[in-house]
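Structural characterization, general
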Amino acid sequence: MIDASELRRRTAELLAAYPPATTDRLDFLRTRFDAGLAWVHYPEGLGGLGAPRSLQAVVDEELAAAGAPDNDPRRIGIGLGMAAPTVLRYGTDEQKARFLRPLWTGEEVWCQLFSEPGAGSDLAALGTRAVRDGEDWVVDGQKVWTSSAHLARWAILIARTDPDAPKHAGITYFICDMTDPGVEVRPLRQITGEAEFNEVFLTGVRIPDRHRLGEVGDGWRVAQTTLMNERVSIGGMRLPREGGMIGPVAKTWRERPGLRTHDLHQRLLKLWVEAEVSRLTAERLRQQLNAGQPGYEGSGMKLAFALLNQEISGLEVELRGEEGLLYDDWTMRRPELVDFTGRDAGYRYLRSKGNSIEGGTSEVLLNIVAERVLGLPAEPRTDKDVPWKDLAR
């Protein structure tokens, strides 16, 4: 069994052999992966050592203290938080060996081709088709709200392979090369002025069958692994006290007493406590992950994350008064990551509106929490057993 002292020893050996100050960043990251110190709970040979997940913090702390480079996790969050757990669970040995290392080092960025214009909250209604042609699948359709598609080399994709089956049963999961012919990425400009999202058009895209994850027709089950990990990665991220959206508000409150009112004080206290409760709950959720795959509790965390961010950003704009109505830059750009704390209050207010849509709408997450966490009766669904081709659209 790998314990904390053994991980410290292995980390010290890595640092001695590859000093961060004199080693190329990418070479260091690749070596760290090969040493099993990337994500220690993954199997040996795939960036890990089969150690408890909780011991990752031991490695991270030692490397941070030595000034070692990280893999810029905010830039490659979709790969780390969604694609990697799915490939690990459902991928073949060949797929794991091919994709996990460059995914973790950040050499290859990933995006998610799930949502469609007519299949957002009801994702299982998706209409993108994949038709078998020899050893390939030919894919046609449109995906939307695709973060980082303009940067991505690879995408996790779900498509309909059997229109005669009920909507949940006729879906298959693929890995799509975003550089292939027939893949077109168009920017979607948001209320913030940026085009962080994209729409993706797939026209005759050929995906080899070796890039299929899971069995044909079993894509919905595979996608649940992706979605549950997505919600944990959004709602359960590790933060210090006063990390995230509450930090800038608390800083402004302390530094500018002239803005204070009794009402704002009461609301800030309430939100500060809620942010701290959410932070500690996320820590407990991460500890539960040490025992296995994430459960539906991640949906509750993501729901709370969205509501809290919107309330806090609204309070910040109100606290700043007229200044809160200003906006720093409406320039159209296609960013590499979302930076909530690196911009002004106006950006945080506008961008947080998307938190209740991305990663599962709040309405859908409320249903998941009610039915699968609290055990309440499910909503009646008359379309579950109807062939997809017969559904009204």
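Residues numbered from 1 in each chain as written. Predicted model: local features only at pLDDT ≥ 70, side-chain atom pairs only at ≥ 80, totals over all residues. Heavy atoms only, no water.

1. Remarks on helix H1 (residues 4-17)
Taking 1.5 Å per residue, 14 residues should reach 20 Å; H1 reaches 20 Å between its end C-alpha atoms and fits that length. Glu6, Leu7, Thr11, Leu14 and Leu15 are the residues of H1 that are buried. On its buried face, H1 sits against helix H2 (25-34) and helix H3 (56-65). (Helix = DSSP H or I, 4+ residues; strand = E, 2+ residues; numbered from the N terminus. Expected span 1.5 Å × (residues − 1). Buried < 20%, exposed > 50% of the residue type's maximum accessible area, 1.4 Å probe, protein only. Contact = heavy atoms within 4.5 Å.)

2. Side note on the nonpolar core
Counting residues in each nonpolar core, the largest one holds 32 residues, and the members touching the most others are Trp39, Leu100, Trp110, Phe114, Ile158 and Tyr173. Breaking this core down by element, the ones donating at least two residues are H2, helix H4 (77-90), helix H5 (93-105), strand S4 (154-160), strand S5 (171-177) and helix H6 (219-235). Considering each element in turn, this core owes the most residues, six residues, to H4. The contact partners of Trp110, leaving out residues within four places of it in the chain, are Ile78, Gly79, Ala83, Phe99, Leu103, Ser148, Ala152, Trp154, Ala155, Ile156 and Ile175. (Core = buried A, V, L, I, M, F, W, Y, C linked by side-chain atoms within 4.5 Å.)

3. A short note on a nonpolar patch on the surface
A cluster of nonpolar residues, Val373, Leu374 and Leu376, forms a patch on the protein surface that exposes about 280 Å² of accessible area. Along the chain, Val373 falls in helix H11 (residues 362-373). (Patch = residues over 30% accessible without salt bridge, like charges linked within 9 Å, V, L, I, M, F, W, Y side chains within 5 Å. Areas by Shrake-Rupley, 256 points an atom, 1.4 Å probe, with all protein chains shown as cover. Salt bridge = Lys/Arg side-chain N within 4 Å of Asp/Glu carboxyl O.)

4. A closer look at the pairing of strand S1 (residues 110-113)
Burial along S1 is two-sided: Trp110 and Gln112 facing one way and Cys111 and Leu113 facing the other are all buried. Bridging between S1 and S4 involves four bridges; their strand directions are parallel. For Trp110, the partnering residue across the bridge sits in S4 and is Trp154. (Pairing = 2+ DSSP bridges.)

5. What to know about the packing of aromatic side chains
Inspection of the entire model under this criterion finds nine aromatic pairs. With a centroid separation of 6.3 Å and 45° between ring planes, the pair formed by Phe33 and Trp104 is classed as tilted. Of this pair, Phe33 sits in helix H2 while Trp104 is found in helix H5, placing the two residues 71 residues apart along the sequence. Each member of the pair, Phe33 as well as Trp104, carries the same accessibility label: buried. Across the ring face of Phe201, the terminal group of Arg186 is positioned such that the distance to the ring centre comes to 4.0 Å. (Phe/Tyr/Trp six-rings, centres within 6.5 Å; stacked < 30°, edge-to-face > 60°. Lys NZ or Arg CZ within 6 Å of the ring centre and 35° of its normal.)

6. A look at the packing of H4 against H5
Contact geometry for H4 and H5: axes closest at 10 Å, N-to-C directions at 165°. With respect to each other, H4 and H5 are oriented roughly antiparallel. Read as a crossing pair, H4 and H5 show a hand that is left-handed. Two secondary-structure elements touch here, H4 through Gly79, Leu80, Ala83, Ala84, Val87, Leu88 and Tyr90 and H5 through Gln95, Lys96, Leu100, Leu103 and Trp104. Split by residue class, the contact of H4 with H5 holds nine nonpolar, two polar and one charged. (Axes fitted to C-alpha atoms, helices over the stretch in contact; angles between N-to-C directions. Parallel < 35°, antiparallel > 145°, perpendicular 65-115°, else oblique. Left-handed = near helix turned anticlockwise from the far one by under 90°. Nonpolar A, V, L, I, M, F, W, Y, C, P; charged D, E, K, R; others polar.)

7. A look at unusual backbone geometry
Not every positive phi belongs to a glycine, and Asp72 is a case in point at roughly 55°. For Asp72, the position within the fold is in the loop between H3 and H4. Residue classification places Asp72 among the partly exposed residues on the basis of a relative accessible area of 28%. At Ser148, a residue that is not glycine, the phi angle is positive and equals roughly 65°. Along the polypeptide, Ser148 turns up in the loop between strand S3 (136-143) and S4. Taking relative accessible area as the criterion, Ser148 reaches 11% and is therefore assigned buried.

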